[in-house]
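# Remarks on the overall topology
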Amino acid sequence: MSKNTITIINNRDGKTYEFNILDATVGPSVVDISSFYKETGMFTYDEGYTSTASCQSKITYIDGDAGQLMYRGYDISFMAKEKSFLDTAYLLIYGELPSQDELTDFKLEMQKRSFVHEGIKKLFDSFPDGAHPMAILSAGVSALATFYFKHLEITTAAEYQEMANRIVAKIPTLAAFSYRYSNGLPIIYPDLNKGFTENFLNMLRAYPHEYVELKDVEIKALDTIFTLHADHEQNASTTAVRNLASTMAHPYAAISAGIGALWGRSHGGANESVIRQLEMIGSVDRVDEFIGKAKDKDDPFRLMGFGHRVYKNFDPRATILKEIRNELMEELGISSELVEVANKIEQIALSDEYFVSRGLYPNIDFYSGLILQALKIPKEMFAVVFVIGRTPGWIAQWSELRQQKSIKIARPRQLYVGSSERTPNT
Ligand code: CMC
């Protein structure tokens, strides 16, 4: 057997098969099983894709055991502490960090493209009061495909960039509008004098007659949340986006599908669930009862904001957010029963055998939920904030797949366990 292959023996008939091993630049190698069915007549089975690499990518690297995350080779801690969200978006989309001039041009591009067609207002107006902003946002992004249908067929680098810049610039506006319409509030248009993150907070919080003071510490905290959410290799929503890309669907339809996948409470909906759960627990005295429920095998209750499919030691994004949460709480002078409940849960989970032995540490959503609440962002907007951060990653992943020389439609098979052919009653 050569070094770069793996041999599989079928113990049923003694036949052996050899498959190539492909090496990564960093991290685990993969076994190329694309010919597995042709050679063995069997499919491979991996529910939830825990051992499956679904694509080759140059965008993001995660080492779950070491708690490492890199965007195009740059460590997340460097990106979060030294760079802005727009630097990050540029890096993900264009492949390199921007120079000062490139960043200035990118900022202008974001401002120029931040307005949405007035027709979107009619669409949003038709949704019932109290509609969840994630549902409105998903519909709004999908509707962008009607205004920019030409992005269905993209061939040049300039066209990719125009399509990517357009969606990243418009997402905060659609996100803020989705909240304002959901609550029957007057919409606030983008302000060309404000930066990307400040502009979003302003569109969310301001009133036509009222000046809203936004503190630098608030803008920085939200900007960092966007940066930390910007990409996370082949997570559930990115996989949804790539699946749509593989069918040659419109990029904005793919982003809308990503929003749908992200909404679930096992994924981006977790930060909203964290706060709802803390509110349900209500007081420090009840924490032990809920920790008991989380540990009980017969109880479906899970502690929201704990655990991660990939990070089994710590989530590097959570480490950064924990610092920001502490700073923010101090600067804004926030203390509440809810924060105390959160602190107690965190303390227990970090030392309790059940959580430690399963690698269930506080994840990004645990801290982002608390920070977003301190920023006076309503709970139903938490996942929407995640969408704003993740959009550059999604669009970079969409573009990477679509620029491959050959594109294979994502079409898994299954282990069929239904009935064999039945004879119809005559
Ligand atoms: N509370 C209590 N027990 C848990 C939890 C939790 N939050 N998460 C996992 N477990 C237990 C689970 O019961 C199982 O126990 P056992 O081995 O005894 O059967 C073990 O830990 C492994 O769980 P799993 O479901 O096989 O793990 P997974 O890697 O498939 O799931 C997860 C990862 C994030 C979906 C899960 O940990 C979870 O549901 N967490 C709560 C929701 C959450 O915070 N989601 C945000 C994830 S981070 C942001 C993002 O990527 O979107």
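See the structure shown above.
Here is what the cut-offs are and how they apply
- Residues numbered from 1 in each chain as written.
- Predicted model: local features only at pLDDT ≥ 70, side-chain atom pairs only at ≥ 80, totals over all residues.
- Heavy atoms only, no water.
- 1 Å grid on protein atoms, 1.4 Å probe; cavity = no way out; pocket = protein on both sides within 12 Å on 5 of 7 lines; lining within 4 Å.
- Points joined across faces, edges and corners; volume = space filled by probe spheres on them.
- Nonpolar A, V, L, I, M, F, W, Y, C, P; charged D, E, K, R; others polar.
- Patch = residues over 30% accessible without salt bridge, like charges linked within 9 Å, V, L, I, M, F, W, Y side chains within 5 Å.
- Areas by Shrake-Rupley, 256 points an atom, 1.4 Å probe, with all protein chains shown as cover.
- Salt bridge = Lys/Arg side-chain N within 4 Å of Asp/Glu carboxyl O.
- Buried < 20%, exposed > 50% of the residue type's maximum accessible area, 1.4 Å probe, protein only.
- Axes fitted to C-alpha atoms, helices over the stretch in contact; angles between N-to-C directions.
- Helix = DSSP H or I, 4+ residues; strand = E, 2+ residues; numbered from the N terminus.
- Parallel < 35°, antiparallel > 145°, perpendicular 65-115°, else oblique.
- Left-handed = near helix turned anticlockwise from the far one by under 90°.
- Contact = heavy atoms within 4.5 Å.
- Expected span 1.5 Å × (residues − 1).
- Near = heavy atom within 4 Å.
- Polar contact = N/O pair within 3.5 Å; in protein donor to acceptor, adjacent residues only side chain to side chain.

For the second largest pocket, the calculated volume is near 240 Å³. What lines the second largest pocket is a set of 17 residues, and nearest its centre among them are Ser-84, Leu-86, Lys-107, Phe-196 and Asp-223. Per-class residue counts for the lining of the second largest pocket are 5 nonpolar, 4 polar and 8 charged.

Before going further, it helps to spend a moment on a nonpolar patch on the surface. Judged by side-chain polarity, Ile-6, Val-31 and Ile-33 come together as a nonpolar surface patch covering roughly 190 Å² of accessible area. Ile-6 sits in the partly exposed class, given a relative accessible area of 32%.

To continue, consider the packing of helix α3 (residues 85-94) against helix α18 (residues 382-402). Helix packing geometry: the angle between the two helix axes and the distance between the axes. The interhelical angle for the contact between α3 and α18, taken along N-to-C directions, is 15°, at an axis separation of 8 Å. By the angle class used here, α3 and α18 are roughly parallel. Crossing angle aside, the handedness with which α3 passes α18 is right-handed. Contact residues: Phe-85, Ala-89, Leu-92 and Ile-93 in α3; Ile-388, Gly-389, Pro-392, Gly-393, Ile-395 and Ala-396 in α18. Split by residue class, the contact of α3 with α18 holds 8 nonpolar, 2 polar and no charged.

It is worth spelling out the packing of helix α9 (residues 216-229) against helix α14 (residues 316-332) at this point. Interhelical geometry of α9 versus α14 gives an angle of 165° and a closest axis separation of 11 Å. If you check the angle between α9 and α14, you find them roughly antiparallel. Handedness of the α9/α14 crossing: left-handed. In contact with Val-217, Glu-218, Ala-221, Thr-224, Ile-225 and Leu-228 of α9, α14 contributes Arg-317, Ile-320, Leu-321, Ile-324, Leu-328, Glu-331 and Leu-332. Tallied by class, the residues present in the contact of α9 with α14 amount to 9 nonpolar, 1 polar and 3 charged.

Looking now at the environment of Leu-350. Looking at the secondary structure, you find Leu-350 in helix α15 (residues 337-351). For Leu-350, a relative accessible area of 37% puts it in the partly exposed group. Between the C-alpha atoms of Leu-350 and Ala-139, which are 211 residues apart in sequence, the distance is 40 Å. If we skip the residues at most four places from it in the chain, Leu-350 touches Val-356, Tyr-361 and Pro-362.

Once that is clear, we can look at helix α12 (residues 270-281). Along its 12 residues, α12 runs 16 Å from first to last C-alpha, staying within 8% of the 16 Å computed at 1.5 Å per residue. Of all 12 residues in α12, 9 are buried, a share of seventy percent or more. In this structure, the buried side of α12 is in contact with α13 (287-295), α15, α17 (364-374) and α18. The positive-phi residue at the C-terminal boundary of α12 is Gly-282, with phi of around 80°.

The next thing to look at is the pattern of salt bridges. Scanning the entire structure with this criterion turns up 19 salt bridges. Residue Lys-194 is joined to Asp-191 by a salt bridge in which the shortest nitrogen-to-oxygen separation is 3.1 Å. A residue is classified by how much of its surface remains accessible, and Lys-194, at 17% relative accessible area, is buried. Note on Asp-191: relative accessible area 22%, which makes it partly exposed. Where Glu-272 meets Arg-276, a salt bridge forms, and the shortest distance between an N and an O atom there is 2.8 Å. Of this pair, Glu-272 and Arg-276 both sit in helix α12, 4 residues apart, which is roughly one turn of that helix. By relative accessible area, Glu-272 is classed as buried at 10%. Beyond isolated ion pairs, a larger network of salt bridges with shared partners links Glu-109, Lys-112, Arg-113, Lys-150, Glu-162 and Arg-166.

In this section: the site of the ligand. As a matter of local geometry, the ligand sits amid 21 residues, with His-267, Lys-297, Leu-303, Gly-305 and Phe-306 nearest to it. Residue His-267 places a side-chain N or O atom 2.5 Å away from an oxygen atom belonging to the ligand. A total of 940 Å² of accessible area belongs to the ligand in isolation, and the protein chains cover 76% of it. Here the residues of the shell around the ligand sort into 7 nonpolar, 7 polar and 7 charged.

Keep in mind these values describe shape, not function.
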